[in-house]
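As a plain string of letters, each chain reads:
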Amino acid sequence: MNTLYLPELREMIATDDNESLREFVDALMPARVAEFMEGLDARESWRVLEVADPERRVEVFGYFEPEKQTALVHALVGDGDAAAMSGLVADLPADDRVDLLRDVDEHVVDELIPLLPIEDRRETLRLRGFPEGTAGSVMTTEVVCLKENLSVAEALTEISKQALGVETVYYSYVVDDDRRLLGLLSARQLVTHYLNPDQPISELMERDVVTVLAMDDQEAVAETVADYDFLAIPVVDDNRRLLGIITHDDIIDVLRAEATEDALLSAGMAPLESGYLRTHWFTLACNRGVWIGVLFFAALLTAFALLRYEEAFDSVWWLVLFIPLVISSGGNSGSQSATLVIRGLTDGEVSLGDWRRVLRRELLMGLTLGTTLAALGFVSAWVLTRQAPEGHTAPTLVEVAVVPATLLLVVVCGTVCGGLLPLMFQRLGLDPALMSNPFVAGIIDIAGIVIYVTVAMAMIGGLAGG
């Protein structure tokens, strides 16, 4: 929290020094104003914002943390000043307005919506109708639209008229009378041809425009924007009518949200509705407890596997020494493979059709890593078992070879399972990130115990019958 101006701000508020407050809001960049206001409560923050011009008020409000925005809305509506707050809400960009109304209490939304101007109200209700997580839920309808018959000079004039009411003027969209998208015109193209004011924009515009549908998944939209390096992407309906655009700042928010979700899933935990510190401890405990419980039962299966082969471990004293080595090698290699494949699926580098290539690569990787670990394991096992406990004999060279043979098989099993299980989850329509590191490790732990004892029974004389 930046407390540099807090005493002065509170003094200005206490003395109703509107002139100084207005100077503070106007003199600094909106982001800096919001930063210096972090220590103010909701009502103090509104006292500062209400002296600003509507345009600057919206800019500063947009830099508040979502929690502070929500608190400010609740405070004003709770104080009976819903009309003032509705004015601010109406001035927000359409997508930001919808995001804010999704965060506040429903009874507050019911009080604010009727107070919005009719056009803003219709637009808000329409955008709120799109399911969360779709392109329509993050788009803004405030976009520059031009007619195809305009010249460069006329287009620039039209853009200047629309500029104050839209979020970005970097891209302008050429539409017909039914708002069907015909082409795209960038600000660069208009500036470049400024000296040819009579040139028709139909000769300049890009007709092969990449679009997304309103019901497309927002993660897929973000990947499209990232692939093409767009500043914005148009959202259309099935008849190619322009509904709105998704700008790069919204795409960044989507990518951050998806990356956070994947990171939590990879740790074996469900995504949080709010941040870590803003989530109630009991909610956090329940969230984590469900997945820890699932992982607990997975670990319990490992214990059952150990119990099943208790006699084998009792009769050969040194086998138990290398259980952690075996299961950790398999689990770690499987987790690495799962992470790489999940990241590849997220980036679009890997698809379901690549499963044969993934299988070959992970099989080769397993053999390479497994052989290296097997060599190290053989030397380690030989050295560690030379001094047998009283009443026991040291294993022979062939018996010690159980450890490297198991390591090779377990690492190959780990890499192949870690590489293919996320693909299988995606094929089933599930999020590949669900096949997270703890789950892969749990599966490989059980497989590692079975492989270890099976190899030992095959290579150590008398063990199978013991």
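Our structure is the block above this text.
Because the structure is predicted, anything quoted here is derived from the model rather than measured.

Caption draft 1: How the structure looks around helix H5 (residues 54-62). Turning to H5, its buried residues number three or more, namely Arg-56, Arg-57, Val-58, Val-60 and Phe-61. Contacts from the buried residues of H5 go to helix H2 (18-27), helix H3 (30-36), helix H4 (42-49), helix H6 (66-78), helix H7 (82-91) and helix H8 (94-103).

Caption draft 2: Structural context of the sheet that holds strand E4 (residues 212-213). Ordered by their spatial adjacency, three strands build an open sheet running E4-E5-E6, and the pairing between neighbours is mixed. Whereas interior strands pair on both sides, the edge strands pair on one side only; in this sheet they are E4 and strand E6 (242-247). As paired strands, strand E5 (residues 232-236) and E6 are joined by five bridges and run antiparallel to one another. Across the sheet, the residue bridging to Val-235 is Gly-244, located in E6.

Caption draft 3: Examining the side chain of Asp-237 more closely. With respect to the element layout, Asp-237 can be found in the loop between E5 and E6. Among the polar contacts made by the side chain of Asp-237, one reaches the main-chain amide nitrogen of Arg-241 at a distance of 2.8 Å. When sequence neighbours within four positions are dropped, the list of residues in contact with Asp-237 reads Leu-213 and Leu-243.

Caption draft 4: Here's a closer look at the pattern of salt bridges. All chains considered together, the criterion is met by 17 salt bridges. For the salt bridge of Arg-47 with Glu-50, the shortest nitrogen-to-oxygen distance reads 3.4 Å. Glu-50 gets classed as partly exposed once you look at its relative accessible area, which sits at 37%. Glu-148 is the salt-bridge partner of Arg-207, the closest N and O atoms lying 3.1 Å from each other. You can see Arg-207 sitting in the loop between helix H13 (187-192) and E4 and its partner Glu-148 sitting in the loop between strand E1 (145-146) and helix H12 (152-162), a full 59 residues away along the chain. Overall, the relative accessible area of 47% leaves Arg-207 in the partly exposed class. Here the salt bridges share partners, and the residues they tie into one network are Asp-16, Arg-47 and Glu-50.

Caption draft 5: Quick look at a nonpolar patch on the surface. Residues Val-379, Trp-382, Val-383 and Leu-397 make up a contiguous nonpolar surface patch of roughly 380 Å² in combined accessible area. Mapped onto the secondary structure, Trp-382 falls in helix H19 (residues 355-384). Judged by its relative accessible area of 32%, Trp-382 is partly exposed.

Caption draft 6: Main features of the pairing of E6. Within E6, five of the six residues are buried, which leaves it mostly tucked inside the rest of the structure. The hairpin turn running from E5 into E6, its antiparallel successor, is five residues long, and Arg-240 in that turn takes a positive phi close to 65°.

Caption draft 7: Representation of the packing of aromatic side chains. As enumerated under the stated definition, the model contains three aromatic pairs in all. With centroids separated by 5.9 Å and ring planes inclined at 65°, the aromatic side chains of Phe-61 and Phe-64 adopt a geometry described as edge-to-face. Judged by its relative accessible area of 1%, Phe-61 falls in the buried class. Aromatic pair Trp-318 and Phe-322: ring centres 6.4 Å apart, planes at 70°, arrangement edge-to-face. For the pair formed by Trp-318 and Phe-322, the shared burial category is buried.

Caption draft 8: Up close: the nonpolar core. Among the nonpolar cores identified, the biggest contains 41 residues, and Met-37, Leu-72, Met-85 and Leu-112 are the most heavily contacted of them. The residues touching Met-85, leaving out its near neighbours within four places in the chain, are Trp-46, Leu-72, Val-73, Leu-76 and Leu-112. Core analysis: the next-biggest nonpolar cluster, separate from the first, contains 27 residues, Tyr-309, Val-400, Val-402 and Ala-456 among them.

Caption draft 9: The arrangement of the sheet that holds strand E2 (residues 171-175) in detail. Judged by pairing direction, the sheet is mixed, and its three strands sit side by side in the order E1-E2-E3 without closing on themselves. If you trace the sheet from one side to the other, it starts and ends with E1 and strand E3 (181-186), each paired once. With two bridges joining them, E1 and E2 adopt parallel strand pairing. Bridging across to E2, Cys-145 finds its partner in Tyr-173.

Caption draft 10: Here's a closer look at the pairing of E5. Burial analysis of E5 places five of its five residues in the buried class, which makes it a mostly covered element. On E5, burial covers both faces: Ala-232, Pro-234 and Val-236 on one face and Ile-233 and Val-235 on the other are all buried.

Caption draft 11: A look at the side chain of Arg-57. Inspection of the secondary structure puts Arg-57 in helix H5. One polar contact links the side chain of Arg-57 to the main-chain carbonyl oxygen of Glu-50, over a distance of 3.4 Å. Not counting residues within four places of it along the chain, the set of residues in contact with Arg-57 comprises Trp-46, Leu-49, Glu-50, Ala-52 and Leu-88.

Caption draft 12: How the structure looks around a positive patch on the surface. On the surface, Arg-356, Arg-357, Arg-360 and Arg-361 cluster together into a positively charged patch. By the secondary structure assignment, Arg-356 is in helix H19.

Parameters at a glance
The numbers attached to residues start from 1 for each chain and follow its sequence in the written order. The model is predicted, so local features are restricted to residues of pLDDT at least 70 and side-chain atom pairs to those at 80 or more, both for listing and for counting; the totals for chains, interfaces and linings are taken over all residues. Think of the side-chain values as coming from all heavy atoms in the structure, minus any hydrogens and water. Exposure classes here rest on a 1.4 Å probe applied to the protein chains alone. A residue is buried below 20% of its type maximum, exposed above 50%, and partly exposed in between. Counting from the N terminus, the helices are the DSSP runs of H or I reaching at least four residues and the strands are the DSSP runs of E reaching at least two. Working rule for contacts: check all heavy atoms of both residues, and any pair within 4.5 Å makes them a contact. Being paired, for any two strands, means DSSP has found at least two bridges between them. Contacts described as polar in this section are N or O atom pairs within 3.5 Å, which, within protein, must combine one atom able to donate a hydrogen with one able to accept it, while residues neighboring in sequence count only if both atoms come from side chains. Whenever Lys or Arg places a side-chain nitrogen within 4 Å of a carboxyl oxygen from Asp or Glu, that contact is recorded as a salt bridge. Patches here: salt-bridge-free residues with over 30% relative accessible area, like charges joined within 9 Å, nonpolar side chains (Val, Leu, Ile, Met, Phe, Trp, Tyr) joined within 5 Å. For accessible areas, the Shrake-Rupley method is used with a probe of radius 1.4 Å. Any residue's cover is judged against the shown protein chains and nothing else. Any Phe, Tyr or Trp ring, taking Trp's six-membered ring, that has another such ring centre within 6.5 Å forms a pair; planes under 30 degrees apart are called stacked, those over 60 apart edge-to-face, and the others tilted. In plain words, nonpolar cores are sets of buried Ala, Val, Leu, Ile, Met, Phe, Trp, Tyr and Cys residues tied together by side-chain atoms within 4.5 Å. This count recognises Lys and Arg as positive and Asp and Glu as negative, with His and chain-terminal groups excluded. The atom standing in for a charge is NZ when the residue is Lys, CZ when it is Arg, CG when it is Asp and CD when it is Glu.

These figures capture arrangement, not role.
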